[in-house]
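# Structure assessment
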Amino acid sequence: MRIAAHTLGCKLNYAETADHLRRMAAEGHEVVDWTAEADLYLVNTCTVTAVAEKKCRAAIRQAHRRNPQAQIVVMGCFAQTAAAEIAAMPGVTQVLGNESKPLLSYSGASRNDRTRTFFKIQDGCDYFCSYCAIPYARGRSRSASIEETLCAARRIAATGAKEVVLTGVNTGTFGQHSGESFLDLLRGLDAVDGILRYRISSIEPNLLSDDIIDFVASSRAFLPHFHIPLQAGSDHVLRLMRRRYDTALYAAKLQRIKQAMPDACIAADIIAGFNGESEDEFRKTLRFVDSNPISYLHVFTYSDRPGTAAMRLDEKIPVAVRHEHTRQLLHLSEQKHAAFIQSQLGKVRPVLWESTDHQGHLEGWTDNYIRLRRPYDPQRVNTVEPLLLTRDNIAKEAAST
Ligand code: SF4
């Protein structure tokens, strides 16, 4: 069969789709581009916002239009939470729940680029933040053992990938049900031969212990790049969200990171327009982001997720205000990111060059997640080179997820 796949949502989904395709290719099926005519379309879905769900429906309709005879298999979080609705869509032949996804999986960062790999080490979440449907869609937190995870990391090293991004739904809870710890996993991974760099794709602030920060600072391969969900810079809103930290704890983590790694890049997620977030509370978020060493933001516009506790909160923020707050946060993010890059000019940072030819240029990420470019040179692909940061070698696409 010719198989095409389309993935929506997080890096975890990308790792899982790649794993499915790898297995199907090993069984002799041909993997074709999503835009090609295929016999089976695989759509890996996301339920994080109403917009994400809309895109999932659109992808399913697209596949059905492209080949009305094709099988369409839908998996992922939206498939889990809206199975009946999806099963009734024209062309859909199978809806798979998240339990059909492998516990450990990995994928190349982009097509034909084997330099960076997303490695899923954990799935599910027990936190039940009030706005989030993921614990319902993905189930309880679970992970393989450290030994099994290290075996998978050695297999990744054998593919030649030099950089590994550790992904999960709530990565910091790795091992919590088996008595193993995330920090011990990091220590084990640091000793795996062949992998030069690790990033932790995201970690909850309350799980980012000082021991983990100190370990990253002194490790061989863990990079000074953190992604720490903030969601709001107001303690009142954080309580409404049922988050497990306050702004004081978050700020303390940032200070600790910057003391140990002054050039670290720190990204934060923010939700704009959460129920109950008054204009005053929103101003607190702007001030908190502005006054703390956050390098840039991932901004999500709030939408009610069916079945979540936040839906029952009374004070709904008008959609136009949610979008206005989103715009202001994105603007602040651009300013923060420009200031971060400015702070790095004139410094030498190691960059891992990717393989794609960008119109005569190589591109790659520094350890602290700045996108650089240089004239194309095949000898440099998949190697790490120290480079002086100047205005001229910063790539246009400065930072993304
Ligand atoms: S930590 Fe909160 S936001 Fe993150 S997946 Fe778990 S419930 Fe959702």
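In this numbering scheme, every chain counts its residues from 1 along its sequence in written order. Reporting of local features is limited, given that this is a predicted model, to residues whose pLDDT is at least 70; pairs of side-chain atoms are given and counted only at 80 or more, and all residues count toward the totals for whole chains, interfaces and linings. Water and hydrogen atoms were dropped before computing side-chain values, which therefore reflect all heavy atoms in the structure.

Our focus in this paragraph is helix H2 (residues 50-66). Residue pairs three or four apart in sequence face the same way in an α-helix, which turns once every 3.6 residues. Taking 1.5 Å as the rise per residue, H2 with 17 residues should run 24 Å; its terminal C-alpha atoms sit 25 Å apart, in good agreement. Listed in full, the buried residues belonging to H2 are Ala52, Glu53, Cys56, Ala59, Ile60 and Ala63. The arc enclosing the buried residues of H2, seen along the axis, measures out at 115°, which places them on a common side. In H2, the exposed residues that point more than 90 degrees away from the buried face are Val51, Lys54 and Arg65. Here the buried face of H2 lies against strand E1 (2-7), strand E3 (40-45), strand E4 (71-76), helix H3 (77-81), helix H4 (83-87) and strand E5 (92-95). Counting from the N terminus, the helices are DSSP H or I runs at least four residues long and the strands are E runs at least two residues long. In this analysis, the expected span of each helix is defined as 1.5 Å times one less than the number of residues it contains. Each residue is placed in one exposure class: buried if its accessible area under a 1.4 Å probe, protein chains only, is under 20% of its type's maximum, exposed if it is over 50%, and partly exposed if it falls in between. Think of it as the arc spanned by the lines of direction from the helix axis to the C-beta atoms. We call two residues contacting when some pair of their heavy atoms lies within 4.5 Å.

In this description, strands pair whenever DSSP reports at least two bridges between them. The three strands lie next to each other as E12-E13-E14, forming an open sheet whose pairing is parallel. With one partner strand each, in any of the chains shown, strand E12 (225-227) and strand E14 (296-301) form the two edges of the open sheet. Between one strand axis and the next, the sheet turns through 15° on average, direction left out of account. Note that E12 and strand E13 (residues 265-272) share three bridges and pair parallel. Across the sheet, the residue bridging to histidine 227 is alanine 267, located in E13. For helices, the fitted line uses only the C-alpha atoms of the stretch in contact; every axis is such a line through C-alpha atoms, and the angle between N-to-C directions lies from 0 to 180 degrees. The strands touched by helix H10 (residues 247-260) within the sheet are E12 and E13, with E13 carrying the most contacts at an inclination of about 160°.

Let us now look at unusual backbone geometry. Phi at phenylalanine 128 is positive, roughly 50°, even though this residue is not glycine. Its location among the elements puts phenylalanine 128 in the loop between strand E8 (122-123) and helix H5 (134-138). Judged by its relative accessible area of 29%, phenylalanine 128 is partly exposed. Phi is positive for asparagine 382, close to 60°, though the residue is something other than glycine.

Most of E4 is tucked away: five of the six residues are buried. With six bridges connecting them, E3 and E4 associate as parallel partners. Across the sheet, residue leucine 42 finds its bridge partner in E4, namely valine 73. Seen with the strands pointing away from the viewer, any crossover whose path from the first strand over the helix to the second strand runs clockwise is right-handed. Considered for its hand, the β-α-β crossover made up of E3, H2 and E4 is right-handed. Looking at chain direction, E4 and E5 are connected through three bridges and run parallel. From the neighbouring strand, valine 73 faces E5, where its bridge partner is glutamine 94.

Moving on, we come to the packing of helix H6 (residues 146-158) against helix H7 (residues 182-190). With their axes 10 Å apart at the nearest point, H6 and H7 run at an angle of 30° to one another. Where H6 crosses over H7, the handedness of that crossing is right-handed. Taken together, the residues of H7 that come into contact with H6 (itself represented by Ile146, Thr149, Leu150 and Ala153) are Asp184, Leu185, Gly188 and Leu189. Any residue that is not Ala, Val, Leu, Ile, Met, Phe, Trp, Tyr, Cys, Pro, Asp, Glu, Lys or Arg is counted as polar, Gly included; the first ten are nonpolar and the last four charged. Residues of the contact of H6 with H7, tallied by class, amount to five nonpolar, two polar and one charged. It is the rotation of the near helix from the far one that decides the hand of a crossing: anticlockwise by less than a right angle makes it left-handed, clockwise makes it right-handed.

Note on definitions. A residue lies near a molecule or strand when any single heavy atom of the residue is within 4 Å of it. Surrounding the ligand, one finds Cys125, Tyr127, Phe128, Cys129, Tyr131, Cys132, Ile134, Pro135, Val169, Asn170, Glu204 and Arg243. A class-by-class count of the residues in the shell around the ligand yields nine nonpolar, one polar and two charged.

Two numbers describe how helix H8 (residues 210-218) lies on H10: the axes approach to 10 Å, and their chain directions differ by 20°. As far as their axial angle goes, H10 and H8 are roughly parallel. Where H8 crosses over H10, the handedness of that crossing is right-handed. Contacts from Asp210, Ile213, Asp214 and Ala217 in H8 reach Lys253, Arg256, Ile257 and Ala260 in H10. Any angle that is under 35 degrees is reported as roughly parallel, and any over 145 degrees as roughly antiparallel; angles of 65 to 115 degrees are reported as roughly perpendicular and all others as oblique.

Attention now goes to the side chain of threonine 366. Inspection of the secondary structure puts threonine 366 in strand E16 (residues 361-366). Any N or O atom pair separated by 3.5 Å or less is treated as a polar contact, with the protein-specific requirement of one donor-capable and one acceptor-capable atom, and with residues adjacent in sequence counted only for side-chain atom pairs. Of note is the side chain of threonine 366, whose polar atom sits 2.7 Å from the side chain of asparagine 368. Dropping the residues within four chain positions of it, threonine 366 is found in contact with Arg197, Arg199, Arg349, Pro350, Val351, Leu372 and Leu389.

Let's shift gears to the packing of aromatic side chains. Note on ring pairs: Phe, Tyr and Trp rings are taken, using the six-membered ring of Trp, and paired if centres are within 6.5 Å. Classes follow the plane angle, with under 30 degrees stacked, over 60 edge-to-face and the rest tilted. For the coordinates displayed, the defined rule picks out nine aromatic pairs. With a centroid separation of 5.9 Å and 70° between ring planes, the pair formed by tyrosine 250 and phenylalanine 288 is classed as edge-to-face. Here the residue tyrosine 250 occupies a position in helix H10, and phenylalanine 288 occupies one in helix H11 (residues 279-291), the gap between them amounting to 38 residues. A relative accessible area of 0% means that tyrosine 250 is categorised as buried. Here the aromatic rings of phenylalanine 274 and tyrosine 302 are separated by 5.2 Å at their centres, their planes lie at 80°, and the arrangement is edge-to-face. Residue phenylalanine 274 is found in the loop between E13 and H11, and its partner tyrosine 302 is found in the loop between E14 and helix H12 (319-344); the two are separated by 28 residues along the sequence.

Below, the discussion takes up the domain arrangement of the chain. A domain assignment, automatic or from a database, supplies the domain bounds used here. Looking at the chain, the domain boundaries give domain 1 (2-100), domain 2 (105-344) and domain 3 (348-393). Centre-to-centre, using C-alpha coordinates, domain 1 lies 34 Å away from domain 3.

So, on to the sheet that holds strand E15 (residues 348-353). The antiparallel open sheet is built from four strands, whose spatial order is E17-E16-E15-E18. Of all the strands in the sheet, the pair left with one neighbour each is strand E17 (371-375) and strand E18 (384-388). Across the sheet, the mean angle separating the axes of adjacent strands is 45° when strand polarity is ignored. Relative to E18, E15 is paired through five bridges, and the arrangement is antiparallel. When the sheet's bridge partners are listed, leucine 352 is paired in E18 with valine 384.

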